[in-house]
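# Results of the structural survey
Listed below are the residues making up each chain.
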Amino acid sequence: MPAALALGDDALVLSHRLGEWAGNAPVLEEEVALANIALDLLGQARALLSLAGDEDELAFLREERAFRNVQLVEQPNGDFAHTIARQLYFSAYQQLLYGQLASGEGPFAPLAAKAVKEVAYHLDHAEHWTLRLGDGTPESHARMQRALDALWRYTGELFEPVEGVSADWPALQDGWSAYVTDVLRRAGLTLPEGPREGAWTAGAGRQGIHTEPFGRMLAEMQHLHRSHPGASW
């Protein structure tokens, strides 16, 4: 099921990125918060990937070009502001998408009805920190603005239609733009300018074309499973 693969890969890859903060978060409370968000996303990924095949094989044995996640979620954590900007952009999209799916009758409705409650927390967390960093010190404001600007070009891909996902994509994009614009305004930040796509054509991640950091991340994520094939606890 291509749609389950695309949505599942989004959640899996971002879960791994957030998991990289373990032992590195700026304060203990944030280490716990980011770990909880990562676990929520991992649960979503497992449910979605199981609709497309064996979840372990799909996660640990596919090559880079077989992954269908958007390029936004594979971007490195950077500093804390960078992680928050990535989460704000993605969670705003995910909450709107799952809200639509939960209200429908398609195969993703039950999962979306549960996940939309989790994503509401993810989005609240990202919004809180966007406001706090944007309206904080000159240094925190500058870092948050740089992060928003750097990731902006990856947001256009979020609204490329996914085959098998019954969603109103123009409405999703309008709702996302309105929400992000409002949050940045309240944070005293500037909405980034320029095209919302990078060197790749929008939709490239869905086609299996990924950015350079993804290959290194995937090698780390898959190392243990590939080193000990067939091993079990």
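Residues numbered from 1 in each chain as written. Predicted model: local features only at pLDDT ≥ 70, side-chain atom pairs only at ≥ 80, totals over all residues. Heavy atoms only, no water.

As annotated in an unreviewed UniProt entry, the protein chain carries the name Phenylacetate-CoA oxygenase subunit PaaC and is attributed to Streptomyces morookaense.

### Describing the nonpolar core
Tyr93, Leu97, Tyr98, Val165 and Trp176 are the most contacted members of the largest nonpolar core, which has 70 residues in total. Top element by residues in this core is helix α5 (residues 80–102). It accounts for 12 residues. With sequence-adjacent residues up to four places away left out, tyrosine 93 is seen in contact with Leu7, Asp10, Leu158, Phe159, Trp169, Trp176 and Arg206. (Core = buried A, V, L, I, M, F, W, Y, C linked by side-chain atoms within 4.5 Å. Buried < 20%, exposed > 50% of the residue type's maximum accessible area, 1.4 Å probe, protein only. Helix = DSSP H or I, 4+ residues; strand = E, 2+ residues; numbered from the N terminus. Contact = heavy atoms within 4.5 Å.)

### Points about the packing of aromatic side chains
All told, the structure shown has nine aromatic pairs when counted by the stated rule. For the pair phenylalanine 90 and tyrosine 93, a centre-to-centre distance of 5.6 Å together with 55° between the ring planes defines the contact as tilted. Of this pair, phenylalanine 90 and tyrosine 93 both sit in helix α5, three residues apart, roughly one helical turn. Both residues of the pair, phenylalanine 90 and tyrosine 93, belong to the buried class. Between the aromatic rings of tyrosine 93 and phenylalanine 159, the centroid separation amounts to 5.9 Å while the plane-to-plane angle is 85°, which identifies the pairing as edge-to-face. Remark: phenylalanine 159 occurs in the loop between α7 (138–151) and α8 (169–186) and tyrosine 93 occurs in helix α5; sequence separation between them is 66 residues. (Phe/Tyr/Trp six-rings, centres within 6.5 Å; stacked < 30°, edge-to-face > 60°.)

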